[in-house]
Amino acid sequence: MTRERRIALLGLLVPLGIIVLWQAAAMMQKTPLFPGPGKVVVALWTNYPVILKELGITLLRAAIGFAVAVVTMIPLGIFLGRVRAVGKVLEPLMDMLATLPPPAIIPLVMLFAGTGDGAKIVIIAYAAAVPLLMNTYEASHSIHPMLSKVAKSLHLSRFETMRLIDWPSSLPMIVTGARLAIASSLLVSVTSEMLLSTNGIGTYLQRSQETFKIDAGLAGIAFISLAGILVNAGVFRLEKKWLFWHYRDQRPAE
Amino acid sequence: MNAALLAERLRVPICIALVLGSWQVIFALGVVPEKYFPSIPTIAVAFWQMLTDGTVISAWATTFLRALIGLVGAAVLGIALAILSDLSPVLSRGIRYVSDVLQPIPPAAFVPMAVFMLGLGTKLYAFVIILVTVWPPYLNGVAALAGVGPVQLNTGRMFGLSNWGLLWRVKLPAALPEIFTGIRYAATISLIAVIVSEMLAGRDGIGFMIFKKAFALRTPEVFGLMFLVAINGVLLNGLVNLLRRRLTGWHIGMMERPE
Amino acid sequence: MTGLLTASGVGKSYGIGSARMPIIDGLNLSIAKGEFVSLVGPSGCGKTTLLMCLSGLLAPSEGAVRFKGETVTAPPIGLSVVFQDYSRSLLPWKTNLENVLFGMRRVVGMDTAAKKAKAAEIIAAVGLSGFEGHYPWQVSGGMQQRVAIARGIASQSELLLLDEPLAAVDAQTRADMQDLLLDLAKRFNQTCVLVTHDVEEAVYMADRVLVLGPRPTRVVREIKVDLPKPRDQLTTREDPAFLHARHEVMALIRAMRQGKALA
């Protein structure tokens, strides 16, 4: 067995150890309010249809909010990045926006829009908007000066330059922003459901707490983690596939 | 001086003026009902009211301190774990499994369950904040320690440093800038974790206060408190940056030097 | 002034008032069709700025650059530039072939298949057949520069401006690429203007060497290189005519560096 694999296997001892400690602590507490890992697995098995259904709702809202942010923020970011006069002056506004975390706007949105889908999507869109805007702006205004020289020397029109050179070269940074935005969307989707409970996995967690079903709640958390891992891994795969040229774009092969 | 340069120099006041100005315009136009969109003076008055009757100050302090202490605890724990991980690859892998599973979970999700296991006080906040905030400093620390160049390490060995000495005198200082990047990110997360915990299970703090005011339909206060949350973020980041300059000023100078 | 590319009274300065920094002042030159001309001068004299003005990437503060009689305001069709920084001049998301094709966008009278065939032919001419499907970052620096040169030639431009193209290439590859450039220029009938800091390269490659003065720069001497073409790395460099020209250029540059009056 290679050293790599040996380390990978031995490393499993850490999470296993934690689970063992957890089980021991649960057995010592002896209360249904502190379930051990065994109970959580059982709850997972019995509840997974419900959990998956609720999770689906959460993911759908996250996707819609993310889409709204993409459609609005990428053009805006490009505009602010290219029209330097406007972009430079409005930079402090963007920085100010970044200091206001999404949970802080939830009560306000609740006042405006109640607790329904619309309210949650607004909050999710806000959370996704910040990294998307900042990264798109950054990518658009820090395009390497050489590229514009190359474009001109190849006799490209302004529009052609934007489409064929600026856009592909900005993509890596924009996609990084999108990856952060996707993670944010998921996070905030769950959080918004916990504070504005109607449906979704966040509401499921709240209900589990209200009915003292801690094991079901922990099972729900496990699924949230799984969803996050899968989505992030998927995005990463797509990134590597479309932007392979950026990640290999290091020193020449000599 | 032409207009563009002038605009750039004055951009912070311009932005502030833009925000306040358009706000007042929207208010004056009455497009949105006043109970949802109060005028700036109304917000200012309400804010002042909260300040002077002491409710906001204590909430502010509570929230800020929770975020700060949580951040410090998470940073220290993260760095400690990173050092241990640097010494033991097995431990590093093991913790990686744990962080991969825990990182995607929003802090809010932990709160309902943690309330049962840890009650409603400091232990709850400490648990939730640290569970969520420890990862950026830890992950950055591990990457930075592993990424210290062979040239620096060999130089250290040449000066007779043991492995232990190498860690403290060469690797850790070299890793500090990247660790601080992680701490800056953690500062944002820490504040979010505190606010969200206060909203869900709190009895004090700004998070709790915002929801209380929202339920009481006191919109001006809600806006005022949102502004406060943003200021908290700026303050926390400011503190982290101060420490960063003191501890890694050499790196900042190096990075900011023009070509 | 006639010629494929002319510069009349060209000046370029940055800044205004007391902070004014003239880089070029009163520069005249003329490049005839079919020539290979080298521009060489002391370090920092403004060679690259001059090339930027000649190509239309930079607007001169005074005077005018004309290409085929028309004043240049932007890189004109028929003129191509090969930059020094090859890693940034080729597009990393396109293969070598696609990069060369990209330079052919403005070529008329050829359909896609014909363009592809032509691009492949030129890639073979620069010695890179087999690497069409590779990405620029998958091949060495010298090879990347060859792709950039191929792109310049493929665009069917009449004039090729080369900004210290071999400066970032290792010494052994450099010699091969000098010969390659000369061969390509002859084969594809390219008029070339080569900016370089390497005096030997300037003399080896050119029919005419234009020596640039220190800032604010202008052409201080024109030296005809009376050597037969094709050139040879060994025999040409030992030829008395080569050594004479080389001596003249180097002495001139040395005098300029030492601030002496120019003879």
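What you see is a predicted model; the values in this text were computed from it and never measured.

Cut-offs applied
Residues numbered from 1 in each chain as written. Chains lettered and ligands numbered in written order. Predicted model: local features only at pLDDT ≥ 70, side-chain atom pairs only at ≥ 80, totals over all residues. Helix = DSSP H or I, 4+ residues; strand = E, 2+ residues; numbered from the N terminus. Rg over C-alpha atoms; globule rule 2.2 N^0.38 Å. Buried ≥ 20, exposed ≤ 12 C-beta atoms within 10 Å, placed from the backbone. Contact = placed C-beta atoms within 7 Å. Nonpolar A, V, L, I, M, F, W, Y, C, P; charged D, E, K, R; others polar. Pairing = 2+ DSSP bridges. Axes fitted to C-alpha atoms, helices over the stretch in contact; angles between N-to-C directions. pLDDT = per-residue confidence, 0-100. Parallel < 35°, antiparallel > 145°, perpendicular 65-115°, else oblique. Left-handed = near helix turned anticlockwise from the far one by under 90°.

## A look at the overall build of chain A
The helix and strand tally for chain A stands at 11 helices and 0 strands. Going residue by residue from the N terminus, the α and β elements of chain A occur as α-α-α-α-α-α-α-α-α-α-α. Relative to a compact globule of 254 residues, whose C-alpha radius of gyration would be 18 Å, chain A shows 23 Å and is clearly more extended. With the C-alpha coordinates of chain A rotated into their principal frame, the extents come out at 75 × 60 × 30 Å. By residue count, 39% of the 254 residues in chain A fall in the buried class. Pairs at least 24 residues apart make up 75% of the contacts formed inside chain A by residues separated by at least 6 positions.

## Structural notes on the overall build of chain C
Of the regular secondary structure elements, chain C holds 9 helices and 10 strands. Its C-alpha atoms give chain C a radius of gyration of 18 Å, near enough to 18 Å, the size a compact globule of 263 residues would have. When the backbone C-alpha atoms are referred to their principal axes, chain C occupies close to 55 × 45 × 35 Å. Taking all 263 residues of chain C together, the buried fraction comes to 43%. Counted over contacts in chain C with a minimum sequence separation of 6, partners at least 24 positions apart contribute 68%.

## Concerning the environment of C:Pro22
All names here are of chain C. Relative to the assigned elements, Pro-22 resides in strand E2 (residues 21-31). A residue is classified by how many C-beta atoms lie within 10 Å of it, and Pro-22, with 17 of them, is partly exposed. For Pro-22 and Val-10, which are 12 residues apart along the polypeptide, the C-alpha to C-alpha distance reads 11 Å. Discounting chain neighbours no more than four positions away, the residues touching Pro-22 are Gly-11, Ser-13, Arg-215 and Pro-216.

## With respect to the interface of chain B and chain A
Listed as interface residues are 44 residues of chain B and, on the opposing side, 48 residues of chain A. When residues of the side of chain B that touches chain A are traced back to their parent elements, those giving at least two are helix H1 (3-9), helix H2 (11-29), helix H5 (89-102), helix H6 (107-118), helix H10 (163-201), helix H11 (205-215) and helix H12 (219-256) of chain B. Here the side of chain B that touches chain A takes 10 residues from H5(B), the largest share from any one element. Its residues assigned to classes, the side of chain B that touches chain A shows 36 nonpolar, 4 polar and 4 charged.

## Quick notes on the sheet that holds strand E4 (residues 62-67) of chain C
Residue and element names in this part refer to chain C. Ordered by their spatial adjacency, 4 strands build an open sheet running E2-E1-E4-E5, and the pairing between neighbours is antiparallel. The open sheet has two edge strands with one neighbour each: E2 and strand E5 (70-71). The sheet contact formed by strand E1 (residues 5-14) and E2 spans 7 bridges and is antiparallel. Following the sheet pairing, Ala-7 is matched in E2 by Leu-29.

## Remarks on the sheet that holds strand E8 (residues 191-196) of chain C
Residues and elements named next belong to chain C. Pairing within the open sheet is mixed, and its 6 strands lie in the order E6-E7-E8-E3-E9-E10. The sheet is open, and its two edges are formed by strand E6 (79-82) and strand E10 (219-224), each paired on a single side. Across the sheet, the mean angle separating the axes of adjacent strands is 20° when strand polarity is ignored. Direction of pairing for strand E7 (residues 159-163) relative to E8: parallel, over a ladder of 5 bridges.

## A short note on the interface of chain A and chain C
Residue-level contacts link 16 residues of chain A with 24 residues of chain C. Looking at the side of chain A that touches chain C, the elements with two or more residues in it are helix H7 (145-153) and helix H11 (244-247) of chain A. The class makeup of the residues in the side of chain A that touches chain C is 7 nonpolar, 4 polar and 5 charged.

## Quick notes on the confidence of the model for chain A
Atom-level detail of predicted coordinates should not be read off regions where pLDDT is low. For chain A, the average pLDDT comes to 89, and 98% of its residues sit at 70 or higher. Averaged over each element, pLDDT in chain A is lowest for H11(A) (84) and highest for helix H6 (residues 117-141) of chain A (93).

## Here's the deal with the environment of B:Asn163
Here B:Asn163 shows up in helix H10. Expressed as a C-alpha distance, the spacing of B:Asn163 and B:Leu153, which sit 10 residues apart in the sequence, is 9.8 Å.

## Quick word on the packing of helix H5 (residues 102-113) of chain A against H11(B)
Following both chains from N to C, one finds H5(A) and H11(B) inclined at 10°, their axes separated by 9 Å at the closest point. Classified by the interaxial angle, the pair formed by H5(A) and H11(B) is roughly parallel. From H5(A), A:Pro107, A:Met110 and A:Leu111 reach across to H11(B), where they touch B:Ile210, B:Phe211 and B:Ala214. Among the residues making up the contact of H5(A) with H11(B), the classes are represented as 6 nonpolar, no polar and no charged.

## Re the arrangement of the chains
Of all 2 pairs of chains in contact, the one with the most contacts involves chains A and B. The two units chain B and chain C never meet; even their closest C-alpha atoms stay 13 Å apart.

## Topic: the confidence of the model for chain C
Summing up the model confidence of chain C, the mean pLDDT is 90 and the portion of residues at 70 or higher is 98%. What the predictor reports for the complex is a pTM of 0.85 with an ipTM of 0.85.

## As for the packing of helix H8 (residues 158-195) of chain A against helix H10 (residues 214-242) of chain A
All names here are of chain A. Two elements in contact, H8 and H10, have axes separated by 11 Å at closest approach and are oriented at 165°. Comparing their axes, H10 and H8 come out roughly antiparallel. The interaxial crossing formed by H8 with H10 has right-handed handedness. Here Val-175, Arg-179, Ile-182, Ala-183, Leu-186 and Val-190 of H8 come into contact with H10, specifically with Ile-224, Ala-227, Gly-228, Val-231, Asn-232, Val-235 and Glu-239. Classifying every residue of the contact of H8 with H10 gives 9 nonpolar, 2 polar and 2 charged.

## Some thoughts on helix H9 (residues 201-210) of chain A
Counting buried positions along H9(A) gives 8 out of 10 residues, so the element sits mostly inside the fold. Considering only its buried residues, H9(A) is in contact with helix H3 (37-82), H8 and H10 of chain A together with H6 of chain B. Two residues or fewer past H9(A), A:Phe212 is found with a positive phi of approximately 60°.

## Re the pairing of strand E3 (residues 36-40) of chain C
Residues and elements named next belong to chain C. Along E3, 5 of the 5 residues are buried, which leaves the element largely enclosed by surrounding structure. With burial as the criterion, each face of E3 is covered, one bearing Phe-36, Ser-38 and Val-40 and the other bearing Val-37 and Leu-39. Judged from the 5 bridges that link them, E3 and E8 form a sheet pairing that is parallel. Bridged to Phe-36 within E8 is Cys-192.

## A short note on the environment of C:Thr173
In this fold, C:Thr173 is placed in helix H6 (residues 171-187). Once the C-alpha coordinates of C:Thr173 and C:Gly41 are considered, the two residues, 132 residues apart in sequence, prove to be 23 Å apart.

## Focus: the pairing of E6(C)
Residue and element names in this part refer to chain C. Burial along E6 is two-sided: the face carrying Leu-79 and Val-81 and the face carrying Ser-80 and Val-82 are both buried. Examined bridge by bridge, E6 and E7 share 4 bridges and lie parallel to one another. Counterpart to Leu-79 in the pairing with E7 is Leu-159.

## Focus: unusual backbone geometry
In this chain, C:Arg215 is followed by C:Pro216 through a cis amide linkage whose omega measures -10°. With respect to the helices, strands and loops of the structure, C:Pro216 is situated in the loop between strand E9 (208-212) and E10. Not every positive phi belongs to a glycine, and A:Phe212 is a case in point at roughly 60°. Inspection of the secondary structure puts A:Phe212 in the loop between H9 and H10. For A:Phe212, a count of 12 C-beta atoms within 10 Å gives the class exposed. Positive phi is not limited to glycine here, since C:Gln156 has a value of about 55°. The class for C:Gln156 is partly exposed, based on 19 C-beta atoms found within 10 Å.

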